[in-house]
Amino acid sequence: VSHTKLSAEDAWNLQQERMYKMHRGHESMHVEMILIFLCVLVIAQIVLVQWRQRHGRSYNLVTLLQMWVVPLYFTIKLYWWRFLSMWGMFSVITSYILFRATRKPLSGRTPRLVYKWFLLIYKLSYAFGVVGYLVIMFTMCGFNLFFKIKARDSMDFGIVSLFYGLYYGVMGRDFAEICSDYMASTIGFYSVSGMPTRSLSDNICAVCGQKIIVELDEDGLIENTYQLSCNHVFHEFCIRGWCIVGKKQTCPYCKEKVDLKRMISNPWERTHFLYGQILDWLRYLVAWQPVVIGIVQGINYSLGLE
């Protein structure tokens, strides 16, 4: 039968059979390659952990650069134009947001604009991640047959949705943290060293620098006022963006530890906080795993292992 007349599934099976035939009888070489991969993986993990503990700022910046550039390389190489178009739109808007957050003097509308954009990215990435995971689970359970959808199409949709959710979730959180540091430092109520450069009035929010109109014991039309355990008062939207979206767990003014359990009383927000921890754990897989695989392939090539 001509290969051009084979179905997509038969062509894929033929390709797999050729691969098995090519590697048959090379079991000892495969074991050596696996040992090299495990050793490089352990060493890379130790180096990255030490780098993060000793120089956290440089580690975060390099990781963010890796997250931004590595997927772009693969999308151009593999002609994934759909991801490339979404990546370009996200990059343009985020670059504008980052530009606004780093201006001096800082506009009073900028903090809310920044937190609204990254909160939108956070919720969209969360939704895409959940939908992708559910589609993958439904496909593995065979529920796609009830809707007459091919398993491969359903699985592809689930994997793509899960990847979009995880990737843009990580990127959004990292850029939100950078913008939070710049804005709070520009306003003057926060500094990396921990010593505020300005005194904070009772009716001023230390995140956005704007007046607090709604009292603590009354309900606002748009948002309420929130008080931390250190007695400093903020706009609720600002402090939630600072702690949940910007990944900060200290007061923007005095840097006292924030009790996130008291702040996140809604069970759905607890799920969002747990999702943020998952994104932090998966950052290594997205940003540094391709680097580790590249080092392993370089070692295998130098040793003549194929």
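From a predicted model like this one, the values you see are computed outputs, not experimental measurements.

Some thoughts on the environment of Leu-61
At step 1: Here Leu-61 is to be found in helix H3 (residues 56-78).
At step 2: The exposure class assigned to Leu-61 is partly exposed, which follows from its relative accessible area of 48%.
At step 3: Sequence spacing of Leu-61 and Asp-174 is 113 residues, and the spatial spacing of their C-alpha atoms is 8.8 Å.

What to know about the confidence of the model for the chain
The predicted coordinates ought not to be read in detail in places where the model reports low pLDDT.
At step 1: Taken as a whole, the chain shows an average pLDDT of 77; of its residues, 75% reach a score of 70 or greater.
At step 2: The spread of mean pLDDT over the elements of the chain runs between helix H8 (residues 260-263), the lowest at 57, and helix H4 (residues 81-101), the highest at 90.
At step 3: Scored below 50 in pLDDT, residues 266-271 shows 7 contacts in the model against residues more than four places distant or in partner chains.

Overview of the packing of H3 against H4
At step 1: Between H3 and H4, the shortest axis-to-axis distance is 10 Å and the interhelical angle comes to 150°. Between H3 and H4, the angle falls in the class roughly antiparallel. Relative to H4, H3 is oriented so that their crossing is left-handed. Within the contact between the two elements, H3 uses Trp-68, Pro-71, Leu-72, Thr-75 and Ile-76 and H4 uses Phe-83, Leu-84, Trp-87, Ser-91 and Ser-95.
At step 2: In terms of residue class, the contact of H3 with H4 is made up of 7 nonpolar, 3 polar and no charged.

Examining the packing of helix H2 (residues 27-54) against helix H10 (residues 289-303)
At step 1: Their axes nearest at 10 Å, the elements H2 and H10 cross at an angle of 135°. In terms of orientation, H2 lies oblique with respect to H10. As for how H2 packs across H10, the hand of that crossing is right-handed. Contact residues: H2 offers Met-33, Ile-36, Phe-37, Val-40, Leu-41 and Ala-44, while H10 offers Gln-289, Val-292, Ile-295, Val-296, Ile-299, Asn-300 and Leu-303.
At step 2: When the residues that make up the contact of H2 with H10 are grouped by side-chain class, the tally is 11 nonpolar, 2 polar and no charged.

What to know about H4
At step 1: Counted at 1.5 Å a residue, the expected span for H4 with its 21 residues is 30 Å, and the 30 Å between its end C-alpha atoms agrees.
At step 2: Within H4, burial applies to Phe-83, Leu-84, Trp-87, Phe-90, Ser-91, Thr-94, Ile-97 and Ala-101. Looking down the long axis of H4, one finds its buried residues gathered within 155° of arc, a one-sided arrangement. Across from the buried face of H4, at angles greater than 90 degrees, the exposed residues are Trp-81, Met-89 and Val-92.

Rules used throughout
- Residues numbered from 1 in each chain as written.
- Predicted model: local features only at pLDDT ≥ 70, side-chain atom pairs only at ≥ 80, totals over all residues.
- Heavy atoms only, no water.
- Helix = DSSP H or I, 4+ residues; strand = E, 2+ residues; numbered from the N terminus.
- Buried < 20%, exposed > 50% of the residue type's maximum accessible area, 1.4 Å probe, protein only.
- pLDDT = per-residue confidence, 0-100.
- Contact = heavy atoms within 4.5 Å.
- Axes fitted to C-alpha atoms, helices over the stretch in contact; angles between N-to-C directions.
- Parallel < 35°, antiparallel > 145°, perpendicular 65-115°, else oblique.
- Left-handed = near helix turned anticlockwise from the far one by under 90°.
- Nonpolar A, V, L, I, M, F, W, Y, C, P; charged D, E, K, R; others polar.
- Expected span 1.5 Å × (residues − 1).
- Arc of directions from axis to C-beta.

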